[in-house]
Amino acid sequence: MDTARFYFSLKPPRTPGAWHESPPSLPPDACRCPRSHRLALKLSCAGLILLVLTLIGMSVLYKLSIQKPSIEKCWVLIQENLDKTTDSPAKLECPQDWLSHRDKCFHVSQVSNTWKESLADCGKKGATLLLIQDQEELRFLQDSIKKKYNAFWIGLSYTLPDMNWKWINGSTLNSDVLRITGDTESDTFATISGDKVTSESCVSDNRWICQKELNHETPCNDP
Ligand SMILES: *[C@@H]1O[C@H](CO)[C@@H](O)[C@H](O)[C@H]1NC(C)=O
């Protein structure tokens, strides 16, 4: 009861009007404390904002510094893949249905024709009639055609005026690589079968073998 009475006795002087008027009428000393508090509050607020901003800035920088190298890595990987896909078909792969041996592809025809028609057919395939590089290649090809019991035209002819066996690339035959059986007269062309290389007249019909050299193709020549 006593406290209630005390409250009521104090209340009347604190009218709204009196409350509003009182702060300006306070002595200067009374303001010092709240003002310094306010200043400290402002400073700490500013400090806090600065801290948050620095943290945000640092996290953005950190993310960028992490993402940049990974993006660059991606580009390197993409570039490597592109290099692989543009390099490999030209270097390593023969067309379907072609034999692959070392850096060459070979196509064995299913039909017979004259030597000149065979030459033209290989040209249409973007290839040439077979040029036998060495005995190892000759063995590989003879093994591949052994079961076919056919003779196959190759890019080797005995023609005037040279009276010499010549490859269609212009080089003279090296007799260490292969020996030719049969008649050697002008306008004869060489065929290979499972066990020999024979000369044949230009009017005979034979199957033939085309070749492509993989290393001589550059990616730019690919359609
Ligand atoms: C032509 O082909 C033969 C047989 O493969 C080869 O020995 C010769 O080096 C080739 N010549 C040229 C100029 O490519």
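- An unreviewed UniProt entry lists the protein under the name Killer cell lectin-like receptor subfamily B member 1A isoform X1, from Mus caroli.
- You can read under Subcellular location (unreviewed entry) in the UniProt record for the protein the words "Membrane".

### Topic: the packing of aromatic side chains
Phase 1: Tallying each qualifying case throughout the model produces four aromatic pairs.
Phase 2: Ring geometry for F106 and F140: centres 6.1 Å apart, planes at 40°, overall tilted. On the criterion of sequence distance, the pair formed by F106 in strand 2 (residues 104-108) and F140 in helix 5 (residues 135-145) is long-range, its members being 34 residues apart.
Phase 3: Here Y158 and W165 contribute two aromatic rings whose centre-to-centre distance is 5.4 Å and whose plane-to-plane angle is 55°, an arrangement assigned as tilted. Both residues of the pair, Y158 and W165, count as buried.
Phase 4: Joined through ring pairs, the aromatic side chains of W115, W153 and F189 make up one cluster.
Phase 5: Cation over ring: K212 sits above W98, and NZ or CZ is 5.0 Å from the ring centre.

### Remarks on the pairing of strand 7 (residues 188-192)
Phase 1: Most of strand 7 is tucked away, with five of its five residues classed as buried.
Phase 2: Residues T188, A190 and I192 line one face of strand 7 and the alternating positions F189 and T191 line the opposite face, and both faces are buried.
Phase 3: Two strands pair when backbone bridges link them, and strand 4 (residues 152-159) and strand 7 are joined in this way by four bridges, in the antiparallel orientation. Note on strand 7: the bridge partner recorded for W153 is T191.
Phase 4: Summarising the sheet, strand 7 and strand 8 (residues 197-201) pair through five bridges and their orientation is antiparallel. Bridge pairing links T188 to S201 in strand 8.
Phase 5: In this structure, the hairpin formed by strand 7 and strand 8 is closed by a connection of four residues.

### Considering the state of the cysteines
Phase 1: Taken as a whole and judged by the stated rule, the model has two disulfides.
Phase 2: Between the sulfur atoms of C94 and its disulfide mate C105 the distance is 2.0 Å. Between C94 and C105 the sulfur-sulfur dihedral comes to about -85°; the bridge is accordingly left-handed. On the criterion of sequence distance, the pair formed by C94 in the loop between helix 3 (28-92) and strand 1 (99-101) and C105 in strand 2 is long-range, its members being eleven residues apart.
Phase 3: On the basis of relative accessibility, which here comes to 19%, the residue C94 falls in the buried class.
Phase 4: What pairs with C122 in a disulfide is C210, and their sulfur atoms sit 2.0 Å apart. For the disulfide bridge between C122 and C210, the dihedral angle about the S-S bond is near -85°, and by the sign convention the bridge is left-handed. On the criterion of sequence distance, the pair formed by C122 in helix 4 (residues 115-124) and C210 in strand 9 (residues 207-213) is long-range, its members being 88 residues apart. Here C122 matches C210 in class, with each residue buried.

### Brief notes about the site of the ligand
Phase 1: Within the structure, the ligand sits among L131, I132, Q133, W167, N169 and S171.
Phase 2: At 2.4 Å, a side-chain N or O of N169 approaches an oxygen atom of the ligand.
Phase 3: S171 is positioned with one of its side-chain polar atoms (N or O) 2.7 Å from a nitrogen atom of the ligand.
Phase 4: Residues of the shell around the ligand, tallied by class, amount to three nonpolar, three polar and no charged.

### Considerations on helix 4
Phase 1: Buried residues of helix 4: W115, S118, D121 and C122, and no others. Along the axis of helix 4, the buried residues cluster in a sector spanning 115°; they form a single face. The exposed residues of helix 4 that point more than 90 degrees off its buried face are K116 and K124.
Phase 2: Buried residues in helix 4 make contact with strand 3 (128-129), strand 4, strand 7 and strand 9.
Phase 3: Of the residues one or two after helix 4, G126 is the one with positive phi, at around 75°.

So, how was this worked out
Residues numbered from 1 in each chain as written. Predicted model: local features only at pLDDT ≥ 70, side-chain atom pairs only at ≥ 80, totals over all residues. Heavy atoms only, no water. UniProt positions renumbered as here; feature names shortened; annotations may be inferred. Phe/Tyr/Trp six-rings, centres within 6.5 Å; stacked < 30°, edge-to-face > 60°. Helix = DSSP H or I, 4+ residues; strand = E, 2+ residues; numbered from the N terminus. Buried < 20%, exposed > 50% of the residue type's maximum accessible area, 1.4 Å probe, protein only. Lys NZ or Arg CZ within 6 Å of the ring centre and 35° of its normal. Pairing = 2+ DSSP bridges. Disulfide = S-S within 2.5 Å. Near = heavy atom within 4 Å. Polar contact = N/O pair within 3.5 Å; in protein donor to acceptor, adjacent residues only side chain to side chain. Nonpolar A, V, L, I, M, F, W, Y, C, P; charged D, E, K, R; others polar. Arc of directions from axis to C-beta. Contact = heavy atoms within 4.5 Å.

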